[in-house]
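Single-letter residue listing:
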Amino acid sequence: MDYRYLGNSGLKVSEITYGNWLTHGSQVENDVATQCVRAALDAGITTFDTADAYANGAAEKVLGDALKSERRESLEIFTKVYWPVGPKGVNDVGLSRKHIMEGIDNSLSRLQMDYVDLYQAHRYDHETPLEETIQAFADVVRSGKALYIGVSEWDADQLRRGQELARQAGFSIVSNQPQYSALWRVIEEKVVPTSRELGISQIVWSPMAQGVLSGKYEPGKDAPAGSRATDSKGGQDTIARFMDEQTLTAVQKLRPIADGAGLKMSQLAIAWVLQNDNVAAALVGASRPEQVAENVAAAGVKLDADAMKAIDDALSGVIER
Ligand code: NDP
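Reading the values: rules and limits
- Residues numbered from 1 in each chain as written.
- Predicted model: local features only at pLDDT ≥ 70, side-chain atom pairs only at ≥ 80, totals over all residues.
- Heavy atoms only, no water.
- Salt bridge = Lys/Arg side-chain N within 4 Å of Asp/Glu carboxyl O.
- Helix = DSSP H or I, 4+ residues; strand = E, 2+ residues; numbered from the N terminus.
- Buried < 20%, exposed > 50% of the residue type's maximum accessible area, 1.4 Å probe, protein only.
- Core = buried A, V, L, I, M, F, W, Y, C linked by side-chain atoms within 4.5 Å.
- Contact = heavy atoms within 4.5 Å.
- Lys, Arg positive; Asp, Glu negative; His and termini not counted.
- Near = heavy atom within 4 Å.
- Polar contact = N/O pair within 3.5 Å; in protein donor to acceptor, adjacent residues only side chain to side chain.
- Pairing = 2+ DSSP bridges.
- Right-handed = clockwise from strand over helix to strand, strands pointing away.

S.K.: Explain the pattern of salt bridges residue by residue, including any values.
M.R.: One pass over the full model with this rule turns up 21 salt bridges. Lysine 80 is the salt-bridge partner of aspartate 49, the closest N and O atoms lying 2.7 Å from each other. Of this pair, aspartate 49 sits in strand β4 (residues 47–49) while lysine 80 sits in strand β5 (residues 76–81), and the two are 31 residues apart along the sequence. Of the two residues, aspartate 49 and lysine 80, neither departs from the other in class, the shared state being buried. One salt bridge connects lysine 309 with aspartate 313, and the closest N-O pair in it is separated by 2.8 Å. Of this pair, lysine 309 and aspartate 313 both sit in helix α12 (residues 305–315), four residues apart, roughly one helical turn.

S.K.: Before we move on, could you go through the nonpolar core and cite the residues and values that matter?
M.R.: With 90 residues, the main nonpolar core has Phe48, Tyr119 and Leu315 as its most contacted residues. If one sorts the elements of this core by residue count, helix α10 (residues 265–274) sits on top with eight residues. The contact partners of phenylalanine 48, leaving out residues within four places of it in the chain, are Thr17, Tyr18, Val37, Ala40, Leu41, Leu63, Leu67, Leu75, Glu76, Ile77 and Phe78. Of all hydrophobic cores here, the second largest spans eleven residues; its members include Phe78, Ile203, Trp205 and Leu283.

S.K.: Quick one: what's the story with the side chain of aspartate 52, residue by residue and with numbers?
M.R.: Tracing the chain through its elements places aspartate 52 in the loop between β4 and α2 (58–67). Here aspartate 52 sits buried without a salt bridge, and the closest side chain of opposite charge, arginine 110, lies 5.0 Å off (N-O distance). Among all residues touching aspartate 52, those that are not within four sequence positions of it are Gly57, Glu60, Thr79, Lys80, Val81, Tyr82, Trp83, Val85, His99, Ser107 and Arg110.

S.K.: Tell me about the site of the ligand, and please be specific about residues and values.
M.R.: In the vicinity of the ligand, 34 residues are found, and the nearest of them are Asp49, Ser206, Lys216, Arg228 and Ser287. Histidine 122 is positioned such that a nitrogen or oxygen atom in its side chain is 3.5 Å from an oxygen atom of the ligand. Here serine 206 contributes a side-chain N or O atom positioned 2.6 Å from an oxygen atom of the ligand. When residues in the shell around the ligand are grouped by element, the largest group, three residues, is from helix α11 (residues 289–296).

S.K.: How would you explain the pairing of strand β8 (residues 173–176) if you had to name every residue and give the values?
M.R.: Alignment of strand β7 (residues 146–151) against β8, held across three bridges, turns out to be parallel. In the sheet register, isoleucine 149 faces β8, and the bridge partner there is isoleucine 173. As for the winding sense of the linkage, the β-α-β connection from β7 through helix α5 (residues 156–168) to β8 is right-handed. Across two bridges, β8 lies against strand β9 (residues 201–205) in parallel orientation. The residue of β9 that forms the bridge with asparagine 176 is glutamine 202. Each parallel crossover has a hand, and the one from β8 via helix α6 (residues 191–198) to β9 is right-handed.

Structure, rendered in C-alpha cells:
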C-alpha cells in the first residue's frame, strides 16, 4: 500500500481508503462487514471513511465495532456531518454550530472512539453563515474531538472562501470529497486547480462508478445476484445513472485495455483516479472481502499515456464533465 499526504497537512492516508456507504448497517450483514474491514486491514488499508447519515448512524456503529480492538494510532478515521440521523428535529440538519457540536459527540459515541482524524462537512450549507460553521469546526479541532477538517462536494468558490475563513480561525481545510471516476470528471475543470492552489486534496468517492467500471454489468444482461444494481435498500436507485446501455457498452471497451495492463477492470478504474496527483485517496466500497483484496492491488499502479488515451477514447460520449 502507498500512503499520501492529505492536503498541506502532515497526515498520511492509505491511497486506497475503505468506505462503508450503502454496505455497513444496510446491504451487507454485520459479520460480512467485519470480514471486509479485516481484509482491508490485512491489505494495508489504514484509512476508513463513514458518515453519520449512512444507514442512519448504523454504519458508524458497525465500523466502530469492527475496529474496536485495533491500535487507534494506526488508523485514520473519517466521518461527516450534515444530514440528520434518526428522528428529525429542526436543528438536526446542516452545518449550524448546534448541529456540528452535537453531531461530533454523537458520531464519537457510535464509533466508540475519543476522536476522529478527519471531520467533514458532507455538503455546503447555504442557510448557515459560513463564518458560524468554520468557527464551530475550529472549536471541534481545539477540543481534540477531530484532528483535521475536510469538506465534501464543495465547489471552487466555496473551497476558496472556506479556506480563507479557516486560516483566519487558525486551521486549514485539508480535503474535499467529491465524486470522481473515469466516467465522472466534473472536478477537473475548476475544483482540482483551485484545490491545488489552496493546499486541499481530493478524497474521491465512487471511483468504480459504484461497481459499473468493474465491467460486471453487461448490456442486455441481468445484473449479477447480490450486486448493488439489485439492492432494493437504496443501491439500485443510486447506481441507476450509470446503468444505461450506452454507458455499459462503452465500459466493456475497457476490458482489453485492462488486460493489456495486466489488471482487472476494477483495478484499472481505481488506478485511473490515482493518476491525478491532487487525489490523496480513492474511497472504495466493497460488499465482500474478496473485492477488497482485488481492489487494493490498484495501489501504486502507474498507467502510461497510451493506456490513459485508450481509456478516454473508449469512454468518449459517456463521460460527465
Ligand atoms: P465504488 O465505486 O468503489 O463502488 C463500490 C461497490 O462496487 C461495492 O460496494 C461493490 O458493490 C462493487 N465492487 C467493489 N469492488 C468490486 C470488484 N472488485 N468487482 C466488482 N464489483 C466491485 O464506491 P462507492 O460508491 O461504494 O463509494 C465509496 C465510498 O465513497 C463510500 O463508501 C463512502 O465512504 C464514499 N461516498 C461519499 C459520498 C459523499 O457524498 N461524500 C457519496 C458516496 C460515497 P456490489 O458488490 O454490491 O455490486
